[in-house]
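Structural overview
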Amino acid sequence: MTSLVIFKQHLGKIMKKRGQAILNDPLLNKGTAFTAKERDALGLAGLLPHRIETQDQQLERVFSNCARKPNDLERYIFLMSLQDQNEALFYRTVLSDLQRFMPIIYTPTVGEAALHYGAIFRRPRGLYVTAQDRGRVREVLQNWGGDAPSVIVATDGGRILGLGDLGANGMSISVGKLALYTAAGGIHPGSTLPIVIDVGTNTERLLSSPHYLGLRQKRIVGEAYQDLMDEFVEAVGEVFPDAMLQFEDFATENAITHLARYRDQSAIFNDDIQGTAGVTLAGILAALRITDGALEDQRVLFVGAGSANIGIGELVASAIAEKGMSLDAARKQLWFMDRKGLIVEGRDAINSFAAPYAHAHSPIGDIATAIEVLRPTILIGATGQPGIFDEPVVAAMAKVNARPVIFALSNPTSRSEATAEDVYLWSQGKAVFASGSPFGPVTVNDETHVPGQSNNVYIFPGIGLGVTSCKISRVTDTMFRAAARAVASGVSEDALKEGRIFPALDEIRTASLDIAVAIAEIAFTEGLAGISRPDDLRGFIAERMYSPRY
Ligand SMILES: NC(=O)C1=CN([C@@H]2O[C@H](COP(=O)(O)OP(=O)(O)OC[C@H]3O[C@@H](n4cnc5c(N)ncnc54)[C@H](OP(=O)(O)O)[C@@H]3O)[C@@H](O)[C@H]2O)C=CC1
Ligand SMILES: CC(=O)C(=O)O
Ligand SMILES: [Mg+2]
């Protein structure tokens, strides 16, 4: 369902609801901004203070209240409470300054919120499907009761950011991702549905915490887990047939298994595998405009062989192969390391998904040596291990490249493989650097470098916008390559001059629209769109983007 249709539904709803029911509905509530006419027509007389405010005046109050909070976790709690009261004002706030507010509602602060979900819990949001719901998942989904969602984000909390298994606390991530679908992708907030699939947790700290709100048991595994997932996906297809389903922050093996099992059933994708791949390919393409390199000439060393890096490897290999070589040959340019060192042919304990990258080579244990031997042009970390890109690693990259490209993708900031400051300093300002969580500009030898944020937030909102606007039935890898090209081409020459290889955050809605148009074109060509191609495709999609102004 498009945002436009949802918007019309809400207009219909506001005509039906009256008085307190309107003030208690965050999708309808405007608080002190209801006009005198609206107050009379909607039975609000006496329910609000006398003074009528503009949204800008309300915004000023939000800013000053937010500024008074002692830390970002308190600002997160405050903003989530605003979202529960007045969604339009919440999104107006977030969009007024994404640079300031995105790190609060998303990484890094959302990581802290996920760690403390039970302790800071105020009110439920979304749906909680548990292992005990086996056999009645449909019924649970039907209890949603709100408007049918067009975008669902579901996690089982198996690997939240780089923070490990957080069980039911993973709900914070589903909520955070969907806030960005609305802010960055213009998906109407009334058509988003966050879900946690609570299958337990293996994290002892949570199991013994008095505040933990999830199922207090170890994770279900094997057949019991797979059966629940099958039932869940089937139930989503029946209860919410028009919804796109995004899998988020499943542990790697489950992430890869679910994607392979369900991706051909409907519009389903995995953000950590495909969204991360899209944004990183975008970053590489933009970085090559700085280094003056060609994609097919790159050698990439991936540190970490989990869902994030494997997804990136597969997309980068397919993009290199598009330049005119076989997928096998393209994969030979990509190398992977895990905790046991370089993944090479014949080594033990190689996961099946990493096997295509186990090239013939002698073993190498540490990253700096691997760089000296393999001479990668690009180094990508997705390990959740802070600081493993240390001075010898960065110096080795700077020794073998005039402009080394280094991505430290792990989130939140506390898990980043390196800080921006260290990478610029240790490479004497030569590195083209991006990170999963934001870092500020760094000046080295009087030159200021602005790190990019290589985070899938640059991809999934645009995918959602395209899929929901044009009723796209499948989300394909071709679409993620197109999304990457769309984001990379949105990076200005001025941005590149300061080392920034992603669009500025205040341009993210344009980037999402570019992606939506690009993937819709593919869907029309491949017969995957559920509508006829509008003459003005860009205008058609743009007019479906939610605006939080009253
Ligand atoms: N920026 C973005 O948009 C995104 C970032 N991420 C980030 O990526 C990170 C990883 O996610 P995911 O791939 O799912 O996680 P996994 O935990 O499945 O994978 C981590 C990988 O890192 C390896 N590793 C751990 N420690 C080291 C080490 N010291 N040296 C070399 N390799 C090591 C592990 O090796 P082994 O197999 O031997 O244990 C494993 O292969 C997370 O921190 C997450 O926040 C994820 C998605 C999007
Ligand atoms: C950004 C993201 O999806 C992650 O760190 O898991
Ligand atoms: Mg994720």
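In what follows, the structure referred to is the one given above.
Residues numbered from 1 in each chain as written. Chains lettered and ligands numbered in written order. Predicted model: local features only at pLDDT ≥ 70, side-chain atom pairs only at ≥ 80, totals over all residues. Heavy atoms only, no water.

1. So, unusual backbone geometry
Peptide bonds are mostly trans, and most non-glycine residues show a negative phi. Heads up, the rule is: Going along the chain from the N terminus, every DSSP run of H or I of four or more residues is numbered as a helix, and every run of E of two or more is numbered as a strand. Burial classification: accessible surface area is computed with a 1.4 Å probe over protein chains only, and a residue below 20% of its type maximum counts as buried, one above 50% as exposed, and the rest as partly exposed.
The step from Thr-107 to Pro-108 runs through a cis peptide bond, and the omega angle for that step is 15 degrees. The omega torsion of the bond from Asn-411 to Pro-412 falls at -10 degrees, within 30 degrees of zero and hence cis. Residue position: Pro-412 is located in the loop between β10 (405-408) and α20 (420-426). Phi at Asp-249 takes a positive value of approximately 55 degrees, unusual for a residue other than glycine. Looking at the element boundaries, Asp-249 is found in the loop between β4 (244-247) and α14 (252-262). Positive phi, normally seen in glycine, also occurs at Arg-375, with a value near 50 degrees. Inspection of the secondary structure puts Arg-375 in the loop between α18 (367-374) and β9 (378-381). A relative accessible area of 42% places Arg-375 in the partly exposed class.

2. Things to note about the sheet that holds strand β2 (residues 151-155)
Filter applied, for reference: In this description, strands pair whenever DSSP reports at least two bridges between them. Angles shown run from 0 to 180 degrees and are taken between the N-to-C directions of axes, each axis being a line fitted to C-alpha atoms and, for helices, limited to the stretch in contact. Only heavy atoms enter the contact rule, under which two residues are in contact if any of them lie within 4.5 Å.
The strand order β1-β3-β2-β4-β5 describes an open sheet built from five strands, whose pairing is parallel. Here the strands that pair on one side only, and so sit at the sheet edges, are β1 (127-130) and β5 (268-270). When the angles between neighbouring strand axes are averaged without regard to direction, this sheet yields 25 degrees. With three bridges connecting them, β4 and β5 associate as parallel partners. The residue of β5 that forms the bridge with Leu-245 is Ile-268. With respect to the sheet, α14 is in contact with β4 and β5, its orientation differing from that of β5 by roughly 160 degrees. Contacts from helix α21 (residues 460-469) reach β2, β4 and β5, with the element oriented near 160 degrees to β4.

3. A few points about the packing of helix α13 (residues 222-239) against α14
Just so we agree on the cut-off: By the definition adopted for this analysis, an angle is roughly parallel if under 35 degrees, roughly antiparallel if over 145, roughly perpendicular if from 65 to 115, and oblique otherwise. Handedness of a crossing follows from how the near helix is turned relative to the far one, being left-handed for an anticlockwise turn of less than a right angle and right-handed for a clockwise one. Lys, Arg, Asp and Glu make up the charged group, whereas Ala, Val, Leu, Ile, Met, Phe, Trp, Tyr, Cys and Pro make up the nonpolar group; the residues left over, Gly among them, are polar.
Relative orientation of the contacting elements α13 and α14 amounts to 45 degrees, with a least axis distance of 12 Å. Relative to α14, the element α13 is oriented oblique. Judged by the sense of rotation from one axis to the other, the crossing of α13 with α14 is right-handed. From α13, Tyr-225, Gln-226, Met-229, Asp-230 and Val-233 reach across to α14, where they touch Asn-254, Thr-257, His-258, Arg-261 and Tyr-262. Its residues placed into classes, the contact of α13 with α14 shows four nonpolar, four polar and two charged.

4. Focus: the site of ligand 1
Definition in use: If even one non-hydrogen atom of a residue comes within 4 Å of a molecule or strand, that residue is called near it. N or O atoms within 3.5 Å of each other form a polar contact, as long as, within protein, one can give a hydrogen and the other can take it, and as long as residues adjacent in sequence are counted only when both atoms are side-chain atoms. Computed by Shrake-Rupley with a 1.4 Å probe, the accessible areas treat only the displayed protein chains as cover when residues are assessed. Reported domain spans reflect what an automatic or database domain assignment gives.
Of all residues adjacent to ligand 1, which total 25 residues, the nearest are Thr-252, Ala-305, Ser-307, Arg-339 and Ser-454. Here an oxygen atom of ligand 1 sits 3.4 Å away from a polar atom, N or O, in the main chain of Gly-162. In this structure, an oxygen atom belonging to ligand 1 sits 3.1 Å away from a main-chain N or O atom of Ala-308. Against a free-state accessible area of 940 Å², the protein chains account for coverage of 84% of ligand 1. Breaking the shell around ligand 1 down by element, the ones donating at least two residues are α15 (271-291) and α16 (307-321). When grouped by side-chain class, the residues that make up the shell around ligand 1 number six nonpolar, 15 polar and four charged. Each of domain 2 (109-266) and domain 3 (274-454) gives at least three residues to the shell around ligand 1.

Remember, this is a structural readout, not a statement about activity or role.
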